[in-house]
Amino acid sequence: MAVVELSHTERTEPGPEEDKAPSVKVRITSIEVAGDEISGGRLRSVQRDMYERRTSGGTLFQPEEQQSA
């Protein structure tokens, strides 16, 4: 179990007439790996809480300016 921060290194958005899907290349910016089962359990708990908050609040698909309201 780990907490990982990703950053984009390249974004590709094809034009409207191109038959390509948009893509993003990412790089690991930082990572903190759980050192034992206790910290792993804590990270899993935080992960569940974040998922529940994100999905119940509808923030998964809202534009950024509406998320902070």
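Provided above is the structure to which this section pertains.
This report concerns the structure included in the present document. (Residues numbered from 1 in each chain as written. Predicted model: local features only at pLDDT ≥ 70, side-chain atom pairs only at ≥ 80, totals over all residues. Heavy atoms only, no water.)

1. A few points about the overall build of the protein
The condition is simple: Put simply, DSSP H or I for four residues or longer makes a helix, DSSP E for two residues or longer makes a strand, and each gets a number counted from the N terminus. The rule is simple: take the accessible area with a 1.4 Å probe, protein chains only, and divide by the maximum for that residue type; under 20% is buried, over 50% is exposed, in between is partly exposed. For this analysis, residues touch if any pair of their heavy atoms sits within 4.5 Å.
Scanning the protein from terminus to terminus reveals two helices and two strands. Start at the N end of the protein and walk to the C end: the helices and strands fall as β-β-α-α. Relative to its 69 residues, the protein shows a buried fraction of 1%. Taking the intrachain contacts of the protein between residues at least 6 apart in sequence as the baseline, contacts between residues at least 24 apart amount to 38%.

2. Some words on the pattern of salt bridges
This is how the line gets drawn: Salt bridge, as applied in this entry: a Lys or Arg side-chain nitrogen positioned within 4 Å of an Asp or Glu carboxyl oxygen.
For the structure shown, the criterion picks out two salt bridges. Measuring nitrogen to oxygen at the nearest pair gives 3.8 Å for the salt bridge that ties Glu10 to Lys25. In this pair, Glu10 is assigned in strand β1 (residues 2-12) and Lys25 in strand β2 (residues 23-33), connecting sequence segments 15 residues apart. For Glu10, a relative accessible area of 37% translates into the label partly exposed. Owing to a relative accessible area of 49%, Lys25 belongs among the partly exposed residues under this scheme. In this structure, Glu37 and Arg44 form a salt bridge, with 3.7 Å as the shortest nitrogen-oxygen distance. Of the residues examined, Glu37 reaches a relative accessible area of 60% and is grouped as exposed.

3. Structural notes on a nonpolar patch on the surface
As a reminder, the rule being used: In this scheme, patches are assembled from residues that exceed 30% relative accessible area and form no salt bridge. Like charges are connected within 9 Å, while nonpolar side chains (Val, Leu, Ile, Met, Phe, Trp, Tyr) are connected within 5 Å. To measure how exposed things are, a 1.4 Å probe is used in the Shrake-Rupley method; for residues, cover is taken only from the protein chains shown.
Taken together, the side chains of Val4, Leu6, Val24, Val26, Ile28, Ile31 and Val33 present a nonpolar region at the surface, about 640 Å² in accessible area. As for its position among the elements, Val33 is in strand β2. With relative accessibility at 53%, the residue Val33 sits in the exposed group.

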